[in-house]
Amino acid sequence: MARQYVTANINGEEIDFLCDPSQTLLDVLRDELQLTGTKEGCGTGDCGACSVTLDGVLVCSCLVLGAEAEGKTVETIEGMADGDELHPLQRKFIDHIALQCGICTPGLLVASRSLLEHNPNPSETEVRYWLAGNLCRCTGYQNIVTAVIDAAKEMRGN
Amino acid sequence: MEQLRYEAPDTLEAAVALLSGESGVTRILAGGTDVLVQLHLDVIDTPLIVDIKKITELREIVKDGGAYWIGAAATGMELMNHPDFGADWPGVLDGVQLIGSIQIRGRATVGGNICNGSPAADSTPAMIAAGAVATIAGPNGRRDIPVEDICVGPGQTSLAKDEILVSFALPARPANSGDAYLRFTPRTEMDIAVVGVGVNLTLDGSGICTSARVSLGAVAATPLLVTEAADALIGTKIDAAALDNLAAAASAAAKPIDDKRGTKEYRIKVAGVLARRAATIALDRARQG
Amino acid sequence: MGRAPSPWATSIKYEEKDLKIVGGNPSERADAADKVTGKARYTADYNLPGQLIGKVLRSPHAHANIRSIDTSAAEALTGVKAVVTCADFPDMAVEHAASGELMVNFRDVTRNVMAREKVYYDGHPVAAVAATSEAIALRALKLIKVDYEVLPHVIDVVEAMKPDAPVLHDDQFTKGVEPAPDKPSNIALRMESKLGDVEEGFNQADLIIEREFNTKPSHQGYIEPQASVATYTDGGQAEIWTSTQGHFVMRAQVAKLLQMDVSKVKVTAPELGGGFGGKNNVYLEPLAVILSRKSSRPVKMIMTRGEVFRATGPTSGTNVEIKIGATKDGKITAAQAVMKYQAGAFAGSSLPLAAITVFTRYDLENVLVTGYDVTSNRPKVAAYRAPGAPMVAFGVESVIDEIARALEIDPIEIRLLNAAKEGTQTHFGPQLGRVGYIETLEATRDHPNLNIPLSPNQGRGIATGFWFTLGAETSATLNINEDGTASLIFGTVDVTGGSRAAFAMIVAEELGIPYENVRTMSGDTSALGFNFMTAGSRGTAAGTTAAVKASRDAITRMCEVAARKWEIDVDQVEWQDGHARPAGANVGNFEPMSVAQIVKEAVWFGGTIAGHAEINVANGGPGFGAHVVDVEVDRQTGLVKVLRYTIIQDAGKAVFPDFVKGQFHGGAVQGIGMALNEEYIYDSNGVMENPGFLDYRIPVASDVPMIDTEIVEVPHPGNPYGVRGVGEVPIIPPLAAISNAIHDAVGIRMRDHPMSPPKVLKELDDAEQAEAAE
């Protein structure tokens, strides 16, 4: 079957690509567009390492076909910092040692940004439940939760 | 896999025609949270995927008076974000909110949850308890069936290969109605129900239960509508004795198997425990509403 | 462990001094910015021009003879560039080598990476394909015809030890028994270790508790699946990028398995997405090299999550019997353990480690430890964070709790009464040096969390853990750059992301320069001499010794430059606060020289400045920790909820304290997952039923509470900064701590792991029925 021609807005840029109909958005990002910041931990939507937003909705890119991105807006970890300036979440993840090996970090950051867009002042419990789709095996989640709450505080301006 | 064709038609008719025209195994893609997993794990090999998300009717959530029409391809997150739905059908939303994770709910649909045919689908027992009616479109037009008639066995539905689930209708609710869904999982999130229970009930002015529906998930080959459990509530004030009878009826109706997610013995017992707890929540909601 | 300690091993004595950098928390980590922006490159992020994708065909059977393999149809498929089977690998003789904390036998390693005469587990590799796309490679796998003769299989360790159990290896005769058996067995080894006389000790006891515990295997659960990229070039050289905890050890094993010179193999360890001991072994590396050699193209291989579960790791499932006797005052008179450890498909479990950690928190006179290393039809076990220890601590710390309750002694006081200390004679040989168990217990006793009141169905449990710290081969080169900054190249893998920061802190402290002026990076195998892998909590502990040695070596070189410029003897130059200075007024009046000034002069006075360490670091200081957990049990569903968790652990010296606490958090949450839900589940055919993160339930963020931590610092005398390994201790106590807390909450003793809701509910029901019957 012929590869499919897809146009999407990825991290603010109009990008077109060809993909096999069976390729997932994750495959496309990593293998076709070399946006390897999005990680694959399971391929079945159970670990969240491949989290991106699709038209503003937090999804696992392993559970989206590349062809489905046609006409849509995709945001990945590569679009999170503003040039050299890290997003507050990125800074707070560093400050609070919210990452060790770092393989889950891009997905957790994308998920955390999505949380703060929905809820600028989440409680610890709300952070934990929102991030329950993102597995981390190194940190025990503690410093991640602390970093998200601290970033939210800074982003609210107090 | 290399012959896989992806189609995303704009109309229901075109979608039905694509399905009718393909001789091999087909898959309908809504949220993709089950279909793409099956593709990844190589448990299905399909030449055609029909994405139904571009069909407007299937994406809509319409409130008309007290009734709802929920498009089969509306996502869990869209239901969660609906201004009224959670207040009107809190038990259905309980179920929707337990599907997978935030990422999964951003994609997963109630229609897909049912059509995947899993007896453990979290949104199904609450929908059955709610008395939801499904509209199904096929080459010969549309037909309506109760939601409990969709799943006929693990991974199997009563829909023909060229039929598409269009929407669910939820009736307007009488005053003093409440519903609830509870499931048991070892983890707080990202888990599959070991047992799920949906309860929907209505009280009269004096607090007597005038109607009830109880549904169990993950305790049989399909989600169950358990009339004996509902009968334990109807005509009572849902007092301790009624809840005992409900728990006993729920456990008696459970016909589970031992599997990696729980033992038969455990599921039977917990079906009763959760039925009691879900009914208590539904009762509180009915009293408030 | 594997090897005996060498008299020529290096240890640098601990010196107490005022620290400017070590013990603080640096504002940045070399690895962190790249990790939060997605720029950090893990193995799966590497691509080589013209690369093929490699996939592995795996056994669907738990145990079968391979009659034949027909790869012809796969080879004929367009896009397939190479197909390999065991025929492409030379057979290996029995030869053992240390691979992390466990030993490997090359005869088995070659069979594990590619099955030869038999398959021993569901997921065992039988062939591999390299093709121009993943889809083609997967299709090719389906075209490979393997003719299996399915054999009876055995999964459980106790079942595997029975005389009538299906035997995996016809040539495996139990070692360690006299007379040597004449029939093959799944028991690869029986070992015994003792101190004093347990019979006599039990005779002195007023109370003897004897209990049996069972644990299921659990997986390391790193989020990055194994990946390897390899290219074999015409000169017979191989270059490999791979997800490993020890690239030098991988190089040695690949060279051995493929009969190549070590000098012709270069291995780079990119960022590692978690290992926890599970990436100490070769899996894909030799396959990728062979496929590359056969296809003349680079080959990339990544495991699926299902492959990770079915064919890598996990830790041993175990059956452990613990018997402890004590006087009515709580003094332990004798302790005995019988430990049956699954090795998986090939001999070599974590049993030897379990044997040395089982009772090593207590000062005992009479000990008898017996162990069995048992093969069964599961993947070959790998190290998993304190390999072997959580399962025996589950037993011992539960029995200690039971004794304390029976004797009405506080669980911390009974441990203090029997605590291991400097001079404690272990049953396996050495006496303990300066250790901080007593200090850890005292800090636990004084912790405010012990006074928080509990409600009905809530309970509090306490347990403690011990783990040693490996030393082993460690190399480092410290280059003093031409602008006065310093670059440390080290040869271990920074498995947590914390080593780079810790080493930079050490180098900055030694040199007396700002932390920001030191850059640290892990070198590939061509950059340094051999390094053992990051295992046994040795990363920072052993690395500290190497970094100090390299720093002091560089300082000597810098002092030489100053001496030559000042025309004085080098011993008349001293190093202080980042400057070479004349050692005393009578040496002469010279302006102190900074690092930057020295390197400007170095070209004339000697040349480029670097410091080196190529040493075998002596084994480090043992670490001890205590965990206190509060749980709530749902009596109707058996669900155990962790309400509160407190960790007190001796770190010797925490170089980077906030990072040390991160190790505590992570280890404890792995332990909580292991305790409550994580287990391998097999169907009746010996096929794993839960090879994914949905049904292999590692904790999610909403499953766990905030964890309180306290670092105790009793410096290890054999480390220049007093550092002890910290990574592994935190996974040891949770099983027992949670079991003890469940007992405190609802009165049942969970001895069957995991403590999942169906098991807890059954115990509750059984207890209720037993009570009703009385």
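S.K.: Sorry if this is basic, but what is going on with unusual backbone geometry here?
M.R.: Trans peptide bonds make up the majority, and among non-glycine residues the majority have a negative phi. Looking along the chain, the bond that leaves E178 of chain C and enters P179 of chain C is cis, with omega of -5°. The topology assignment puts P179 of chain C in the loop between α5 (157-161) and β9 (187-195). Cis geometry is found at the peptide bond from H753 of chain C to P754 of chain C, where omega equals -5°. The topology assignment puts P754 of chain C in the loop between α18 (734-746) and α19 (757-773). Positive phi, close to 55°, is recorded for I97 of chain A, a residue that is not glycine. Structurally, the position occupied by I97 of chain A is in the loop between α2 (88-95) and α3 (105-118). The buried category is assigned to I97 of chain A, whose relative accessible area is 5%. Notably, S296 of chain C is not glycine yet its phi reads approximately 60°, a positive angle. Checked against the element boundaries, S296 of chain C lands in the loop between α8 (285-295) and β14 (299-302).

S.K.: Explanation requested: the interface of chain A and chain B in the structure shown.
M.R.: Where the parts come together, the accessible area they lose is often given as the size of the interface. Each partner contributes residues to the interface: chain A has 29 residues there, and chain B has 28 residues. For the pair chain A and chain B, the summed buried surface comes to about 2,300 Å²; carbon and sulfur atoms form 66% of the total. Summed over the shared surface of chain A and chain B, the number is 2 salt bridges. Note that E68 of chain A and K53 of chain B form a salt bridge whose closest N and O atoms lie 2.5 Å from each other. At the boundary of chain A and chain B, one finds 7 residue pairs in polar contact (both at pLDDT 80 or more). Counting residues per element, the ones that place at least two in the side of chain A that touches chain B are β3 (51-54), β4 (57-60) and α4 (124-130) of chain A. If one sorts the elements of the side of chain A that touches chain B by residue count, β4 of chain A sits on top with 4 residues. Of the residues in the side of chain A that touches chain B, the class split is 17 nonpolar, 9 polar and 3 charged.

S.K.: Sorry, what's going on with the pattern of salt bridges here?
M.R.: Note that side chains of opposite charge can pair when their charged atoms are close. Within the structure shown, the criterion is met by 77 salt bridges over all chains. The closest approach of N and O atoms between E78 of chain B and R59 of chain B, which form a salt bridge, is 3.1 Å. Taken together, the residues E78 of chain B in helix α4 (residues 76-81) and R59 of chain B in helix α3 (residues 56-59) connect sequence positions 19 residues apart. The exposure class assigned to E78 of chain B is partly exposed, which follows from its relative accessible area of 30%. Owing to a relative accessible area of 30%, R59 of chain B belongs among the partly exposed residues under this scheme. A salt bridge links E413 of chain C to R445 of chain C, with the nearest nitrogen and oxygen atoms 3.6 Å apart.

S.K.: Help me understand the nonpolar core, please; the structure alone is not making it clear to me.
M.R.: Note on soluble globular proteins: their nonpolar side chains tend to be buried together. Membership of the largest hydrophobic core comes to 196 residues, with the highest contact counts inside it found for F93 of chain A together with I322, I324, M339, F359, I742 and M755 of chain C. I322 of chain C has contacts with I209, E210, R211, F213, Q336, A337, V358, F359, G395, V396 and V399 of chain C, leaving out every residue within four places of it along the chain. I21, A508, I513 and I615 of chain C belong to the second-largest nonpolar core, a separate cluster that totals 56 residues.

S.K.: Could you clarify how one ought to interpret the side chain of N113 of chain B in this entry?
M.R.: All names here are of chain B. With respect to the helices, strands and loops of the structure, N113 is situated in helix α8 (residues 110-115). Under the relative-accessibility criterion, N113 is labelled buried at 11%. A polar side-chain atom of N113 sits 2.6 Å from a polar atom in the side chain of S123. When neighbours within four sequence positions are excluded, N113 is seen to be in contact with I99, A121, D122, S123 and T124.

S.K.: Could you clarify how one ought to interpret the interface of chain C and chain A in this entry?
M.R.: The interface is formed by 51 residues belonging to chain C together with 40 residues belonging to chain A. Overall, the association of chain C and chain A removes approximately 3,700 Å² of surface from exposure, summing both partners, and the carbon and sulfur fraction of that is 60%. When the buried area of chain C at its contact with chain A is split by residue, V36, I223 and M706 of chain C rank highest and sum to 20% of it. Taken together, the links from chain C to chain A amount to 3 salt bridges. Here D45 of chain C ties to R30 of chain A by a salt bridge, and the two come within 2.7 Å at their closest N and O atoms. Linking chain C with chain A are 23 residue pairs in polar contact (both at pLDDT 80 or more). In terms of residue count, the dominant contributor to the side of chain C that touches chain A is helix α17 (residues 657-676) of chain C (8 residues). For the side of chain C that touches chain A, the residue count by class is 27 nonpolar, 16 polar and 8 charged.

S.K.: Could you clarify how one ought to interpret the sheet that holds strand β24 (residues 593-594) of chain C in this entry?
M.R.: Two strands in a sheet stick together by hydrogen bonds in their backbones, pointing the same way (parallel) or opposite ways (antiparallel). Residues and elements named next belong to chain C. With antiparallel pairing, the 3 strands of this open sheet are ordered in space as β22-β23-β24. Strands with a single pairing partner mark the edges of an open sheet, and in this sheet they are β22 (573-576) and β24. Relative to β24, strand β23 (residues 579-582) is paired through 2 bridges, and the arrangement is antiparallel. Pairing of A580 across the sheet is with M593, part of β24. In this fold helix α15 (residues 538-566) packs onto β22, β23 and β24, with an angle of close to 130° to the strand it touches most, β22.

S.K.: What exactly am I supposed to notice about the environment of L243 of chain B here?
M.R.: All names here are of chain B. In this structure, L243 sits in helix α11 (residues 240-253). Of the residues examined, L243 reaches a relative accessible area of 12% and is grouped as buried. In sequence terms L243 and A279 are 36 residues apart; their C-alpha atoms lie 7.7 Å from each other. Not counting residues up to four positions away in its chain, the partners in contact with L243 are I238, R276, A279 and T280.

Rules behind the numbers
Residues numbered from 1 in each chain as written. Chains lettered and ligands numbered in written order. Predicted model: local features only at pLDDT ≥ 70, side-chain atom pairs only at ≥ 80, totals over all residues. Heavy atoms only, no water. Helix = DSSP H or I, 4+ residues; strand = E, 2+ residues; numbered from the N terminus. Buried < 20%, exposed > 50% of the residue type's maximum accessible area, 1.4 Å probe, protein only. Contact = heavy atoms within 4.5 Å. Buried area = accessible area lost by both parts, 1.4 Å probe. Salt bridge = Lys/Arg side-chain N within 4 Å of Asp/Glu carboxyl O. Polar contact = N/O pair within 3.5 Å; in protein donor to acceptor, adjacent residues only side chain to side chain. Nonpolar A, V, L, I, M, F, W, Y, C, P; charged D, E, K, R; others polar. Core = buried A, V, L, I, M, F, W, Y, C linked by side-chain atoms within 4.5 Å. Pairing = 2+ DSSP bridges. Axes fitted to C-alpha atoms, helices over the stretch in contact; angles between N-to-C directions.

Spatial relationships are all this shows, so hold off on functional conclusions.
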